[in-house]
Amino acid sequence: MSRAEGSSPSITAGDVAAAQKEWSDRLIAIGKTFSDGGDYKAVAQATLDALYGYASGFDVLFKPTKAADKAIRLTEAEAASYFVGDGCCAEDKGFALAPYTAVKWDNKGAIFHGDSATAMGEYTFTDAAGGETKAEYTFQYAKAADGSLKIVVHHSSLPYKK
């Protein structure tokens, strides 16, 4: 992990780890709510509002793992479509509805610069049947006015296969 010379430790590795845990917990909650017949769309919207920068006035760059036709998402509605499969992008099947039972993060490195931090690594998603899917990520976090971390860059992809 590196820190730009002269930058303050406004966001710490612990802050990033806590944000990643909350992202995982909320992703699991969306799928569980869907499986239980609840209002999973409301849970997904609350997740986007709480964890991503949309509601805090930040621009957000979102590149989901399993998207091809609309690979880059620039609006909250496009991100919501990816998570719950009901929206502007016909290719979306509801990534969050798997449901997942665990997400394991492996930060390979992070850069901290004042009120932003960027983490890159691999995360592994465990589905209800015990299957695992590993993906690669880059997430950038910005500190909102209330002190919470908001995701402003979300890039995820499946590992390259020869």
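Everything quoted here is computed from the prediction, not taken from an experiment.

*Asks:* Explanation requested: the nonpolar core in the structure shown.
*Replies:* Across soluble globular proteins, you tend to see nonpolar side chains buried next to one another. If you look at the biggest cluster of nonpolar residues, it comprises 37 residues, and the most contacted ones within it are Trp23, Leu27, Tyr52, Phe83, Tyr123 and Phe125. Look past the residues within four positions of Trp23 in its chain and what remains in contact with it is Leu51, Tyr52, Phe83, Phe95, Val103, Trp105, Tyr123, Phe125, Phe139, Ile151 and His154.

*Asks:* What's the story with helix α2 (residues 40-51) in this structure? I'm lost.
*Replies:* Because an α-helix completes one turn every 3.6 residues, residues spaced three or four positions apart along the sequence face the same direction. In a regular helix each residue adds 1.5 Å, so 12 residues correspond to 16 Å; α2 covers 16 Å between its end C-alpha atoms and thus fits that length. Along α2, the residues classified as buried are Tyr40, Ala44, Thr47, Leu48 and Leu51. Mapping the buried residues of α2 onto a view down its axis gives an arc of 95°, with all of them on the same face. Summarising the contacts, the buried residues of α2 are in contact with α1 (13-35), α3 (76-84) and β6 (149-157).

*Asks:* How should the side chain of Glu91 be read in this particular structure?
*Replies:* With respect to the secondary-structure elements, Glu91 resides in the loop between α3 and β3 (100-113). Here Asp69 takes part through its backbone nitrogen, which lies 3.0 Å from a polar atom of the side chain of Glu91. Not counting the four nearest positions on each side in its chain, Glu91 is found in contact with Ala67, Ala68, Asp69, Lys70 and Arg73.

*Asks:* Please clarify how the pairing of β3 should be interpreted in this entry.
*Replies:* On any regular strand, side chains alternate: one points to one face of the sheet, the next to the other face. By the bridge criterion, 12 bridges tie β3 to strand β4 (residues 116-127) in an arrangement that is antiparallel. Residue pairing for β4: Trp105 is matched across the bridge by Tyr123. Hairpin connection, β3 to β4: the antiparallel pair is bridged by 2 residues, and Gly114 has positive phi, about 60°.

*Asks:* Just to check I follow, could you spell out the environment of Thr12 for this structure?
*Replies:* Examined against the element boundaries, Thr12 turns out to sit in the loop between β1 (2-3) and α1. The partly exposed category is assigned to Thr12, whose relative accessible area is 32%. A C-alpha to C-alpha distance of 9.8 Å links Thr12 and His113, two positions 101 residues apart in sequence.

*Asks:* What is the right way to read α1 from this model?
*Replies:* With 23 residues, α1 ought to run about 33 Å at 1.5 Å a step, and its terminal C-alpha atoms sit 33 Å apart, in line with that. Every buried residue of α1 is listed here: Val16, Ala19, Gln20, Trp23, Ser24, Leu27, Ile30, Gly31 and Thr33. In this structure, the buried side of α1 is in contact with α2, α3, β3, β4, β5 (132-143) and β6.

*Asks:* Where do I start with unusual backbone geometry in this structure?
*Replies:* When glycine is set aside, most residues are seen to have a negative phi, and most peptide bonds are trans. The step from Ala98 to Pro99 runs through a cis peptide bond, and the omega angle for that step is -15°. In this fold, Pro99 is placed in the loop between α3 and β3.

*Asks:* Honestly, the side chain of Lys63 in this entry has me stumped. Any pointers?
*Replies:* Looking at where Lys63 falls in the secondary structure, it is placed in strand β2 (residues 61-63). Among all residues touching Lys63, those that are not within four sequence positions of it are Ala71, Ile72, His154, His155 and Ser156.

*Asks:* What is the right way to read the confidence of the model for the protein from this model?
*Replies:* Regions with low pLDDT carry predicted coordinates that are not meant to be interpreted in detail. Residue-level pLDDT values for the protein average 93, and 94% of them are 70 or greater. β6 holds the highest mean pLDDT among the elements of the protein, 98, whereas β1 holds the lowest, 48.

*Asks:* Please clarify how the packing of aromatic side chains should be interpreted in this entry.
*Replies:* The geometry of two aromatic rings is summed up by the distance between their centres and the angle between their planes. Scanning the model with the defined rule gives 24 aromatic pairs in all. Between Phe62 and Phe83, the ring centres sit 5.9 Å apart and the planes meet at 40°, which makes this aromatic pair tilted. Of the two residues, Phe62 sits in strand β2 while Phe83 sits in helix α3, which places them 21 residues apart along the sequence. Each member of the pair, Phe62 together with Phe83, is buried. Look at Trp105 and Tyr137: their rings are 4.9 Å apart centre to centre, the planes differ by 70°, and that puts the pair in the edge-to-face class. A residue pair is termed long-range when its members are at least 10 positions apart, and Trp105 in strand β3 and Tyr137 in strand β5 qualify at 32 residues. Given a relative accessible area of 17%, Trp105 falls into the buried group. Tyr137 gets classed as buried once you look at its relative accessible area, which sits at 2%.

Calculation rules
- Each residue is numbered by its place in its chain's sequence as written, counting from 1.
- The model is predicted, so local features are restricted to residues of pLDDT at least 70 and side-chain atom pairs to those at 80 or more, both for listing and for counting; the totals for chains, interfaces and linings are taken over all residues.
- The side-chain numbers reported here are obtained from all heavy atoms of the structure, hydrogens and water having been left aside.
- Only buried residues count toward a nonpolar core. Its members are Ala, Val, Leu, Ile, Met, Phe, Trp, Tyr and Cys residues joined through side-chain atoms within 4.5 Å.
- Buried, partly exposed and exposed residues are distinguished by accessible area as a fraction of the type maximum, computed with a 1.4 Å probe on protein chains only: under 20%, between the cut-offs, and over 50%, respectively.
- Any pair of residues with heavy atoms lying within 4.5 Å of one another is described as a contacting pair.
- In DSSP terms, a helix is any run of H or I states spanning at least four residues, a strand is any run of E spanning at least two, and both are numbered starting from the N terminus.
- Each helix should span, by expectation, one fewer than its residue count multiplied by 1.5 Å.
- The arc in question is traced by the directions running from the helix axis to the C-beta atoms.
- Distance and chemistry together define a polar contact, namely a pair of N or O atoms within 3.5 Å, with one atom able to donate a hydrogen and the other to accept it when in protein, and with adjacent residues in sequence counting only for side-chain atoms on both sides.
- Any two strands between which DSSP finds at least two bridges are classified as paired.
- A score between 0 and 100, pLDDT records how confident the predictor is in each residue.
- Only Phe, Tyr and Trp rings take part, Trp by its six-membered ring, and two of them pair if their centres are within 6.5 Å. Stacked means planes under 30 degrees apart, edge-to-face means over 60, and tilted covers everything else.

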